[in-house]
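# A structural walkthrough
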Amino acid sequence: MKKVFFVLLTVLCMPVVNASERLLWGHVYETSEPLHKWAVWAAEQIKIKSEGRIEIDIFPISILGKEAELNESLSLGVVDIIYTGTSFAAQLSPSLAIADLPYVFDGYSHWQAFNQSDLLVNLANNYASATNGNQILGNSYYGQRHVTSNKPIVDLAGMQNLKIRVPNASIFKEFPLAVGANPTPIAFSEVYMALQQGVVDAQENPLPTIKAKKLFEVQKHINLTGHLMGSILTIVSSYRWNKLPEQDKKIVQAVLQQAAEKVSEETRNNELALINWFQQNGISVNQVDTQSLRQATLKRHAPYITKVGRENYQQLIALNPENNAGVK
């Protein structure tokens, strides 16, 4: 938190040339990733559309803290906007964990249907109630998560006893535990070093993230497990939201929603193109028997259904009638 307050003090001491609101937007992603690129675009658009009333300073790559710290800073009103995964937001509003159940989505079109659904609106309202008014104003596709390792993994047997880095949220442990691996929570900013030093054998992330974080430099194989389809929320603190006049709320909401759509589109296009890119750069990309992994994993949905709400779970499954992955 000391780092956050130091940055805040620095920003507050900047010369003030008008009466604009100055917002701090913190996230943990690289400047090369779509999430940052479209955050910069959103800040520019909001400044233009608000006629300079709102200015946003963006702090990437964990400058304002790791993801858990950003969520805490948002609740305290120290940071105004954050990107955060649904797993972190679910620590305050458990129903959001539904999006992180392994193999719950049947593909990108299913994720899109969820992103445009009343279900997501209801989940966002639940989160606002649980956080005294923090507003989810965007949901970005983060990509399909795959396992990287220094040995090829093509089936369930290859996952046995694999020490794999996962984000520090309990639901991310479910897939490794289901397939016989050993989940090890490590902060996102420390993944590269942990792999390089052999602290863990493997990690899991979407292809664009594997490239952006250069994880392919310290892992020889990308194994297409496709076990999760990530969602990254754009959240504005209730402290800042309540201070904005209605016209500016509409501007912020519209632009952040547009930015999330642009992130999703670019991320999807990137991941479709990256398999060839990795192969051309000498990385082995392995097809995996996902059915064996899926069947082992679905059994672990049941305990979460009460937590996320049976009706929510059934609604999500119903958004894609072809999906037979759900636990009835």
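The text that follows walks through the structure, step by step, so that each part is easy to find. Since the model is a prediction, treat every value here as computed from it, not as a measurement.

A few words on the nonpolar core. Counting 69 residues, the largest nonpolar core has Trp25 and Ile56 as the members making the most contacts within it. Ranked by the residues each element gives to this core, the list is headed by helix α2 (residues 34–49), at 7 residues. Of all hydrophobic cores here, the second largest spans 16 residues; its members include Ile186, Val191, Val200 and Ile222.

The next thing to look at is the packing of α2 against helix α11 (residues 246–280). Close contact between α2 and α11 brings their axes to 9 Å; oriented N to C, the two are set at 155°. When the axes of α2 and α11 are compared, the pair comes out roughly antiparallel. The handedness of the crossing between α2 and α11 comes out as right-handed. Contacts from Pro34, Leu35, Lys37, Trp38, Trp41, Ala42, Gln45, Ile46 and Lys49 of α2 reach α11 at Ile251, Val252, Val255, Leu256, Gln258, Ala259, Lys262, Val263, Glu266, Thr267 and Asn270. Residue classes in the contact of α2 with α11 are distributed as 12 nonpolar, 4 polar and 4 charged.

Looking only at helix α3 (residues 67–76), the buried set comprises Glu67, Leu70, Asn71, Ser73 and Leu74. Looking straight down α3, one finds that the buried residues subtend no more than 160° of arc, so they occupy a single side. Directly beyond the C-terminal end of α3, a positive phi value near 75° is found at Gly77.

Here we come to the packing of aromatic side chains. On inspection of all chains with the given rule, the structure shows 13 aromatic pairs. Within the aromatic cluster, the residues linked to one another by ring pairs are Trp25, Tyr29, Tyr83, Tyr142 and Phe188. Geometry around Phe188 places Lys213 over its ring, the cationic atom sitting 4.8 Å from the centre. Looking at Lys262, its charged tip hangs above the ring of Trp41, at a distance of 5.2 Å from the centre.

When strand β1 (residues 21–26) meets strand β2 (residues 54–59), the two strands line up parallel, connected through 6 bridges. By the bridge assignment for β2, Leu23 is matched with Ile56. What joins β1 to β2 is α2, and the crossover it makes is right-handed. Bridge count for β1 against strand β3 (residues 81–85) is 2 bridges, and the pairing is parallel. Within the sheet, the bridge partner assigned to Gly26 lies in β3 and is Ile82.

The next subject is the pattern of salt bridges. For the coordinates displayed, the defined rule picks out 14 salt bridges. Where Glu266 meets Lys37, a salt bridge forms, and the shortest distance between an N and an O atom there is 3.1 Å. Of the two residues, Glu266 sits in helix α11 while Lys37 sits in helix α2, which places them 229 residues apart along the sequence. Between Glu51 and Arg53 there is a salt bridge, with the nearest N and O atoms lying 3.7 Å from each other.

Criteria and thresholds
- Residues numbered from 1 in each chain as written.
- Predicted model: local features only at pLDDT ≥ 70, side-chain atom pairs only at ≥ 80, totals over all residues.
- Heavy atoms only, no water.
- Core = buried A, V, L, I, M, F, W, Y, C linked by side-chain atoms within 4.5 Å.
- Buried < 20%, exposed > 50% of the residue type's maximum accessible area, 1.4 Å probe, protein only.
- Helix = DSSP H or I, 4+ residues; strand = E, 2+ residues; numbered from the N terminus.
- Axes fitted to C-alpha atoms, helices over the stretch in contact; angles between N-to-C directions.
- Parallel < 35°, antiparallel > 145°, perpendicular 65-115°, else oblique.
- Left-handed = near helix turned anticlockwise from the far one by under 90°.
- Contact = heavy atoms within 4.5 Å.
- Nonpolar A, V, L, I, M, F, W, Y, C, P; charged D, E, K, R; others polar.
- Arc of directions from axis to C-beta.
- Phe/Tyr/Trp six-rings, centres within 6.5 Å; stacked < 30°, edge-to-face > 60°.
- Lys NZ or Arg CZ within 6 Å of the ring centre and 35° of its normal.
- Pairing = 2+ DSSP bridges.
- Right-handed = clockwise from strand over helix to strand, strands pointing away.
- Salt bridge = Lys/Arg side-chain N within 4 Å of Asp/Glu carboxyl O.

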